[in-house]
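Working through the structure, step by step
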Amino acid sequence: SNEQLKVLHESCFRLSNTSEIAICFLQFLLKDDISVSTIIGKLSGGEASSIAVDTLKHRIDVNRQHKKCLEELVKPFRRSHSLKGSGYQTLYTPSHIFTYRVKIMESCRELYEIYDKVIMSTPTKRTDRYNEPGLYSMFCNESLKTSFNVSKSLTITKDKLIMFQAEVHGTIELLAKALANSSLDQVARYFSSFEALILNIMDICSKSQVADLVLDLAKVLGPDSDSPLYVWINDDIVIIDTTWSVASAKRDILNQLDDLVANYTRLMNDYSSDLWVQLLFIPCHKLERNTNSLLVSCISAIEYRIHMLQNTTTTMNRLVMRLDAVMSQLVTGLITCLYSSIYTYMDDVFFWLQMLNVGFICQLESVLSCNGLQRSMLEDTFIAVEVLRSYRVEIVCKDTVTCGPTFTGSRHNLLITVPVPPNIYALILDISQGQLNRKIQVVPLLCNQTIWKGDYEKYSSTEVEFVRTINTKSMDYIQKIVTRNHIFYQSLDDPERIAQITACISCLLSLYSEHINAPQIIFPKFQALGKLLCAGQICMSGNGIDDGVMATTLNLTQHLVTNYHLEHEQVLLDCLRQGSLLDRCSPAASSSTSSQQLSNNLFSYNVDITANLYPEYKPPVTTCY
């Protein structure tokens, strides 16, 4: 319909690369488990510690078996189906993953745009391996949150510190009122209480057990780390600021207290002076803030100590191992998406400035249902995306022929080092104004819509609310990210883009609140937001990749029709879907796809099944078996 426009389709699939990423990730998990086992052995005693260490040893042995099988898989001439019966092959690597790339060009070969999307099977696709429900249900299971008696003295210490938080705030409030009223008797009484409270806190926080906990957490991060530790505790991410030294905190706070006492003594006989508020009120609040920082650091360190033991019980061990497998697959997709985005936005100044100041925004479209086994896949994906928000990436200059991504840190504070060739590194270093040495936060956004029209009507009210929670949480998250970084976005001097981003977020939140399932409406809006944010794109499906191909080709067709004014939408859509079948016939195609489907170049749909798809997601009849 437009002779001046050419749409060139190309895709790539590298099975060996994805397996090598999983091997590196498993190596990292083994190192992390051994490190945690050593810490628990040092800081703990009794039955709880013994159970935790034994459970960790079991997990280490199992992961070594996974690693060994994957190393066999990537050996030359080793076919994937040779390990089919081992039970290890698909746990740590996606069963399908490839980059769907389309170049939109003029007939004179001038490049208009690159459309890139990573299509992959959902993590833990083969959920029949597990007897448990999905990770979300497991995390919400109250029996998993109950713990044995870890350490009574440590638990009592934590409770005391929590109580001190309230006391410090309450005493400061009373002191502030007395200062405002210039009431000498009340000021003297509250100030004396405040001084005794601070000294009591210093004594407890300086106890070797608590101080050692904070110190050991700093060691977990590594000697060169200058960032807080993000830990998943129950249903929330807790931040432990290990940069706050107990010794230095004690010294700073006691020095501030001495200054406060000196000011108080000097002004004791001049209680009517306005200097009360100026010279005592502000230092008191500064002292409160610093004391509270110390309390939060120590309380979180104790929480993490208890959490480590909870996570290494036999019950929690199954959850952790499942989460490890899910994260390994999702991290493989994330790294693939990052490389794809670097290629797509290599000379885009907005993309690189946003990467360095805000983070790598990665959109994940999920076409899963809440029915059957796909419910577990959706729960796994939801939890994995939450954990992914504590991950960071670092781009370094290396020879990528011999080097692959590496992982450092800990499970809950992962740093992924991604190498790029020297020529590409030099280019993006120039675009990013020499700031490429920063650690880049991962900012994942998840949107789920089933493309099977009969599914949503079967959802219970709980399932409808679960899907709404998944979608709204990501929109609330990106809304906070944009608001928090409003100075950066305003500095770009592109008010139209910012207005469009805000409008897209509001529109999606409105659609989600209506409890509707309309992938043909919601996904284009979600994609439009991603284009404005230069986000990496991942599409996940539960039946291999075919549902993902249907969703991706529809989104691309809508993009071409809207932005390039192409006609004959259905013809273009069918053409793109038939072109994507070339990848289905690659040697890396899933062993679950029958040889008849491969030889006939067909999708894994029969004509009868396609009647249950939304019309926009139906493949051409000639591509069904």
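As shown above, the structure is provided for reference.
Anyway, here's the lowdown on the structure attached to this text. (Residues numbered from 1 in each chain as written. Predicted model: local features only at pLDDT ≥ 70, side-chain atom pairs only at ≥ 80, totals over all residues. Heavy atoms only, no water.)

**Quick word on the overall build of the protein chain**
Each helix and strand counted, the protein chain has 20 helices and 11 strands in total. Per-residue burial for the protein chain yields a buried fraction of 54% across its 625 residues. In the protein chain, of all internal contacts separated by at least 6 residues, the share reaching a separation of at least 24 is 77%. (Helix = DSSP H or I, 4+ residues; strand = E, 2+ residues; numbered from the N terminus. Buried < 20%, exposed > 50% of the residue type's maximum accessible area, 1.4 Å probe, protein only. Contact = heavy atoms within 4.5 Å.)

**Some words on the pairing of strand E7 (residues 392-397)**
Consecutive side chains along a regular strand alternate between the two faces of the sheet. Counting buried positions over the six residues of E7 gives five, a clear majority of the element. By the bridge criterion, six bridges tie E7 to strand E9 (residues 413-420) in an arrangement that is parallel. Looking at the pairing, Val396 lines up with Pro419 of E9. Note that E7 and strand E10 (residues 440-448) share two bridges and pair antiparallel. Following the sheet pairing, Val393 is matched in E10 by Ile440. (Pairing = 2+ DSSP bridges.)

**Focus on the packing of helix H16 (residues 495-513) against helix H17 (residues 519-532)**
Packing of H16 against H17 brings their axes to within 10 Å, and their N-to-C directions diverge by 155°. Put simply, H16 runs roughly antiparallel to H17. Where H16 crosses over H17, the handedness of that crossing is left-handed. Contacts between H16 and H17 involve Arg497, Gln500, Ile501, Cys504, Ile505, Cys507, Leu508, Leu511 and Tyr512 from the former and Ile521, Ile522, Lys525, Phe526, Ala528, Leu529, Lys531 and Leu532 from the latter. Looking at the contact of H16 with H17, its residues break down into 13 nonpolar, one polar and three charged. (Axes fitted to C-alpha atoms, helices over the stretch in contact; angles between N-to-C directions. Parallel < 35°, antiparallel > 145°, perpendicular 65-115°, else oblique. Left-handed = near helix turned anticlockwise from the far one by under 90°. Nonpolar A, V, L, I, M, F, W, Y, C, P; charged D, E, K, R; others polar.)

**Regarding the environment of Leu492**
Tracing the backbone through its elements, the reader meets Leu492 in the loop between helix H15 (486-491) and H16. Judged by its relative accessible area of 23%, Leu492 falls in the partly exposed class. Not counting residues within four places of it along the chain, the set of residues in contact with Leu492 comprises Phe350 and Leu353.

**Quick word on the pattern of salt bridges**
Inspection of the entire model under this criterion finds 14 salt bridges. The salt bridge partner of Lys117 is Glu365, with a shortest N-O separation of 3.3 Å. Of this pair, Lys117 sits in strand E3 (residues 111-121) while Glu365 is found in strand E6 (residues 360-366), placing the two residues 248 residues apart along the sequence. Residue classification places Lys117 among the buried residues on the basis of a relative accessible area of 0%. Of the charged contacts in the structure, one is a salt bridge between Arg375 and Glu463, with a shortest N-O distance of 3.9 Å. Linking Arg375 in helix H12 (residues 374-388) with Glu463 in helix H14 (residues 461-484), this pair joins segments that are 88 residues apart in sequence. The structure contains a network of salt bridges with shared partners spanning Arg375, Glu379 and Glu463. (Salt bridge = Lys/Arg side-chain N within 4 Å of Asp/Glu carboxyl O.)

**As for the side chain of Asp324**
Structurally, Asp324 can be placed in helix H10 (residues 314-344). Overall, the relative accessible area of 5% leaves Asp324 in the buried class. Sequence-distant contacts of Asp324, that is, excluding residues within four places in its chain, are made with Phe25, Leu29, Asn63, Tyr92 and Arg411.

**Points about the packing of aromatic side chains**
This structure, assessed with the given rule, holds 12 aromatic pairs. Ring centres 6.2 Å apart and planes at 55° place the aromatic pair Trp452 and Tyr605 in the tilted group. You can see Trp452 sitting in the loop between E10 and H14 and its partner Tyr605 sitting in the segment after helix H20 (595-599), a full 153 residues away along the chain. Each member of the pair, Trp452 together with Tyr605, is buried. An aromatic cluster is defined as three or more aromatic residues linked by ring pairs; in this entry it consists of Phe25, Phe28 and Phe407. Lying across the ring of Tyr190, Arg189 places its NZ or CZ 5.2 Å from the centre. The ring of Tyr477 has Arg389 sitting right over it, with the charged end atom 4.0 Å from the ring centre. (Phe/Tyr/Trp six-rings, centres within 6.5 Å; stacked < 30°, edge-to-face > 60°. Lys NZ or Arg CZ within 6 Å of the ring centre and 35° of its normal.)

**Structural notes on H16**
Count 3.6 residues to each turn of an α-helix, and residues three or four apart come out pointing the same way. Over its 19 residues, H16 extends 27 Å from the first C-alpha to the last, a length consistent with the 27 Å expected when each residue adds 1.5 Å. Looking only at H16, the buried set comprises Arg497, Ile501, Cys504, Ile505, Leu508, Leu509, Leu511 and Tyr512. Mapping the buried residues of H16 onto a view down its axis gives an arc of 165°, with all of them on the same face. Facing away from the buried side of H16 by over 90 degrees, the exposed positions are Pro495 and Glu496. Residues of H16 that are buried sit in contact with helix H11 (349-357), E10, H14 and H17. (Expected span 1.5 Å × (residues − 1). Arc of directions from axis to C-beta.)

**A word on the environment of Tyr264**
Along the chain, Tyr264 falls in helix H8 (residues 246-267). The exposure class of Tyr264 is buried, given its relative accessible area of 10%. C-alpha separation for the pair Tyr264 and Phe191, spaced 73 residues apart in sequence, amounts to 8.7 Å.

**Comments concerning the nonpolar core**
It is characteristic of soluble globular proteins that their nonpolar side chains tend to be buried jointly. Counting residues in each nonpolar core, the largest one holds 128 residues, and the members touching the most others are Ile395, Ile416 and Ile478. For this core, the element with the most residues is H10, which contributes 12 residues. Excluding residues that lie within four positions of it along the chain, Ile478 makes contacts with Ile361, Val443, Leu445, Ile505 and Leu533. Counting 30 residues, the second-largest nonpolar core is a separate cluster that includes Leu179, Phe194, Cys205 and Leu257. (Core = buried A, V, L, I, M, F, W, Y, C linked by side-chain atoms within 4.5 Å.)

**Description of the pairing of E9**
Taking burial as the measure, the eight residues of E9 include eight buried ones, the bulk of the element. Strand direction decides the pairing type here: strand E8 (residues 406-410) and E9, joined by five bridges, are antiparallel. Within E9, the position partnered with Thr406 by the bridge is Thr417.

**Considerations on the packing of H17 against helix H18 (residues 546-564)**
Where H17 contacts H18, the axes come no closer than 10 Å and their chain directions differ by 70°. In terms of orientation, H17 lies roughly perpendicular with respect to H18. Considering the relative orientation of H17 and H18, their crossing is right-handed. Mapping the contact onto sequence places Gln520, Phe523, Pro524, Gln527 and Lys531 in H17 and Asn555, Leu556, Gln558 and His559 in H18. For the contact of H17 with H18, the residue count by class is three nonpolar, five polar and one charged.

From the geometry alone we can't say anything about function, so treat these as descriptive.
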